[in-house]
Amino acid sequence: MEKAFYITTPIYYVNASPHIGHAYTTIVADVLARYHRLSGSRTFFLTGTDEHGDKIAEAAEKSGVTPKAYADRISGQFRDLWPKLTITNDYFIRTTDTNHIETVQAILSKVYDAGDIYFGHYEGYYCVGCERFYTEKELIDGKCPDHQTEPEFRKESNYFFKMSKYQDWLISHINANPDFIRPERYRNEVLAFLREPLEDLCISRPKSRLSWGITLPFDENYVTYVWFDALINYITGIGYPDSDNFRTFWPVAQHLIAKDILKPHGIYWPTMLKAAGLEPYKHLNVHGYWNVDQSKMSKSLGNVISPLELKDKYGLDAFRYYLLREMVFGLDSSFSEEGFVQRVNAELANDLGNLVSRVTAMVMKYCKGKIPALTPEADAILPDTAARVIGDVEKSFQELTFHKALMSIWELINTANRYIVENEPWSLAKDPANQDRLGNVLYQLLEAIRVVAVLISPFMPGSSGKILTQLGITDPEREDFKTIRTWGGLSSGQSLQRGEALFPRIDYKPDGGAAEIKAIPPPPPIKPEVSYEDFEKIDLRVARILEAEVVPKSAKLLKLKIDIGEERTIVAGIAKDYKPEQLVGKSIVIVANLKPAKLMGIESRGMLLATDTTAEGITVLAFDREPRTGAKVR
Ligand code: ME8
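Parameters at a glance
Residues numbered from 1 in each chain as written. Predicted model: local features only at pLDDT ≥ 70, side-chain atom pairs only at ≥ 80, totals over all residues. Heavy atoms only, no water. Helix = DSSP H or I, 4+ residues; strand = E, 2+ residues; numbered from the N terminus. Areas by Shrake-Rupley, 256 points an atom, 1.4 Å probe, with all protein chains shown as cover. Lys, Arg positive; Asp, Glu negative; His and termini not counted. Charge placed at Lys NZ, Arg CZ, Asp CG, Glu CD. Near = heavy atom within 4 Å. Polar contact = N/O pair within 3.5 Å; in protein donor to acceptor, adjacent residues only side chain to side chain. Nonpolar A, V, L, I, M, F, W, Y, C, P; charged D, E, K, R; others polar. Buried < 20%, exposed > 50% of the residue type's maximum accessible area, 1.4 Å probe, protein only. Pairing = 2+ DSSP bridges. Right-handed = clockwise from strand over helix to strand, strands pointing away. 1 Å grid on protein atoms, 1.4 Å probe; cavity = no way out; pocket = protein on both sides within 12 Å on 5 of 7 lines; lining within 4 Å. Points joined across faces, edges and corners; volume = space filled by probe spheres on them. Domains from an automatic or database assignment. Contact = heavy atoms within 4.5 Å. Axes fitted to C-alpha atoms, helices over the stretch in contact; angles between N-to-C directions. Salt bridge = Lys/Arg side-chain N within 4 Å of Asp/Glu carboxyl O.

(A) Examining the overall build of the protein chain more closely. Assigned secondary structure in the protein chain consists of 20 helices and 26 strands. For the protein chain, the spread of C-alpha atoms along the principal axes amounts to about 85 × 65 × 50 Å. Roughly 29,000 Å² of accessible area belongs to the protein chain as shown, and the carbon and sulfur atoms make up 50% of that amount. The distance from the centre of the 76 positive side-chain charges to the centre of the 84 negative ones in the protein chain is 4 Å.

(B) Here's a closer look at the site of the ligand. If you check the shell around the ligand, you find 24 residues, and the closest are Ile 11, Thr 25, Asp 50, Asp 260 and Trp 290. At a separation of 3.5 Å, a nitrogen atom of the ligand approaches a polar backbone atom of Gly 21. Residue Asp 50 places a side-chain N or O atom 2.7 Å away from a nitrogen atom belonging to the ligand. Mapped onto the shell around the ligand, the elements with two or more residues apiece are strand E1 (4-13), helix H1 (20-38), helix H7 (226-231) and helix H8 (233-236). Take the shell around the ligand: its biggest share by element is four residues, from E1. Here the residues of the shell around the ligand sort into 13 nonpolar, eight polar and three charged.

(C) Structural context of unusual backbone geometry. Here the residue pair Arg 182 and Pro 183 is connected by a cis peptide bond, since its omega of -5° sits within 30 degrees of zero. Residue Tyr 240 is joined to Pro 241 through a cis peptide bond whose omega torsion reads 5°. Residue placement: Pro 241 occurs in the loop between H8 and helix H9 (244-249). Positive phi is not limited to glycine here, since Thr 86 has a value of about 50°.

(D) Quick look at the pairing of strand E2 (residues 42-50). Counting buried residues in E2 gives eight out of nine residues, a clear majority hidden from the surface. Here E1 runs beside E2; their pairing, made up of eight bridges, is parallel. For Thr 8, the partnering residue across the bridge sits in E2 and is Leu 46. In this view, the connection linking E1 to its parallel neighbour E2 by way of H1 has right-handed handedness. Where E2 lies against strand E3 (residues 91-94), four bridges are found, and the strand directions are parallel. Among the inter-strand pairings, Thr 49 is bridged to a residue of E3, identified as Arg 94.

(E) Here's a closer look at empty space enclosed by the protein. Applying the stated criterion across every chain yields a total of one cavity of 30 Å³ or more. In this structure, the largest cavity encloses a volume near 30 Å³. In terms of lining residues, the largest cavity is bounded by Gly 53, Asp 54, Tyr 126, Glu 131, Arg 205, Leu 210, Thr 224, Tyr 225 and Val 226. Taken together, the residues that form the lining of the largest cavity break down as four nonpolar, two polar and three charged.

(F) Spotlight on the sheet that holds E1. The six strands are arranged E3-E2-E1-E12-E13-E7 in an open sheet whose pairing can be described as parallel. In this open sheet, the two strands that pair with only one neighbour each are E3 and strand E7 (181-182).

(G) Local environment of the domain arrangement of the protein chain. For the protein chain, the assigned domains are domain 1 (4-287), domain 2 (336-495) and domain 3 (532-632). Computed from C-alpha atoms alone, the centre-to-centre distance between domain 2 and domain 3 is 38 Å.

(H) Geometry of the sheet that holds strand E8 (residues 201-202). Judged by pairing direction, the sheet is antiparallel, and its four strands sit side by side in the order E5-E4-E6-E8 without closing on themselves. Of all strands in the sheet, those bounded by a partner on one side alone are strand E5 (132-134) and E8. Relative to E8, strand E6 (residues 152-161) is paired through two bridges, and the arrangement is antiparallel. Residue Phe 161 lies in a different strand from E8, and its bridge partner there is Leu 201. Of the strands in this sheet, E5, E6 and E8 touch helix H10 (residues 262-275), which is tilted by about 25° from E6.

(I) View of the environment of Asp 384. Within the secondary structure, Asp 384 sits in helix H14 (residues 381-399). The spatial distance from the C-alpha of Asp 384 to the C-alpha of Trp 487 is 9.6 Å, given a sequence separation of 103 residues.

(J) Structural context of the pattern of salt bridges. In the structure shown here, the tally under the stated rule is 34 salt bridges. Among the salt bridges present, the one from Arg 34 reaches Asp 30, with a minimum N-O distance of 2.8 Å. With Arg 34 and Asp 30 both in helix H1 and four residues apart, this pair spans about one turn of that helix. Summarising the burial analysis for this pair, Arg 34 and Asp 30 share the class buried. The closest approach of N and O atoms between Asp 312 and Lys 311, which form a salt bridge, is 3.4 Å.

Next comes the structure, spelled out in structure tokens:
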């Protein structure tokens, strides 16, 4: 049977312009869709906009336009943004589209006719930002935990969906399908909600208060509650009820969301589907928040970062790479422009960019720009690493551990970079007797680059295409997850097409300026092995910095008073990268049994651990949670 893959993003509210939170979810969906296409699956990727409800009506009123005019404008911003981020959605749905309105009414009629909708009275706390009622228990200090605003108290007669009737079914479905909601922490969160009795869901709003919505098919004085309307987009978008797409894709549906909308997706939606006689979706994939200064990035908090600005400043592929490499899917991440630049310089410009430019330059120089021959006595290291990495990347895609997929790909890149250092093609080139060996080494490197180019293609489609073109591949589209399984796919004799640098190095200036700077040499090769006993001779300890001051007349040195269970003074050459006040209170790691040394007349009893000078300067080793001072580090 043909493999099929269906991925959706949330449909975004049209009350605010897109920021990197929206861009992240949509790029993740795009990476997945591209991967599944490259693996030979029939794929459908849906995104769109959520346009009804109080929130949009309020935003439109503030702007002095009709809700529809307002929705048209912001929906257009989302629709225009996606091609600029090379998003390959198959369809863009709007909840104001006629086919969606008809589908919502059809589902409402079905559930109503089945007796699962009744008329009743409700009062409770409503957060307009979330467009939902909160129980008192869910509020923190009386406020919505997401928007940090006080919800409105509302009393209304309305229609209700008998959600409570499906509580037991939902619990058993989640228990029987451990990866229905993933990662596991969110499955547990939904199960925790379900430990309390589920209330029925209020699914209407009286037109006397809100007219911007889809009229109920059984009472024209009411419009549909925006979540009951919005969730149904996932079936409208693939042609519910009787299209070929619906039959192919609904059984494999996967939704992608952030944790803010876990409850509607984890509870309302599966029970709505059950009541409408439809199968539940296959997976709900939930990610964390992009934070800025510890707070969720959101329009209401006024701390948004624009995806287009970043893309224009640093390039699209660098932006896509950073988002997917930095965030561990499921956990929160902090956005930092400085961190972004560090990754681009170290991982893209240095590791990947230099690999491609060094290898292609050597083929130009030593092989007249033509791909050399692969001889039978080829080394195993690169094909073996490539085969393992391809397997690891595929596994990471199944588990949605995108950062791990990229780390695996970088293992192959770094192995290739080491292979250059170990085999010194420039030395082989000097001896005519070594020409076969030289050709072989360069062929292996070019093949590794071909595999890397295909593996990165879901993440960085533009750069992948450029690399494949540089390798002289005339039809890059034909390369996929199948063609890289055979080592030796490059045709000997084919000419390379050298291009410009893939990822120019960025000189980061916190005031917002960015310029290219000179290349810094790559890190030295790994040193020879040592035994565990030898390693154990070095006593590493957690130290807390008590005081820090500049060493007079020295540009590089700082004098640090530290606590490792006893007080000591150490001197560290980090003054160019750290100000004394940034260090006080920090926990670091020191070598506690290094022979004391005098630096500028001060005795240093120990040495702190930090990176060599890199393009980003020196980075001191620190902890991700507070360790015990003096603890041994191994
Ligand atoms: O909730 N970090 O729309 P919305 C990560 N219309 N992702 C973020 C984010 C952040 N700081 N901020 C937003 C809605 N997102 C409803 C959805 S679906 C039937 C209806 C992303 O515009 C993330 O995907 O508030 C989150 O779930 C979504 O935007 C919320 O978008």
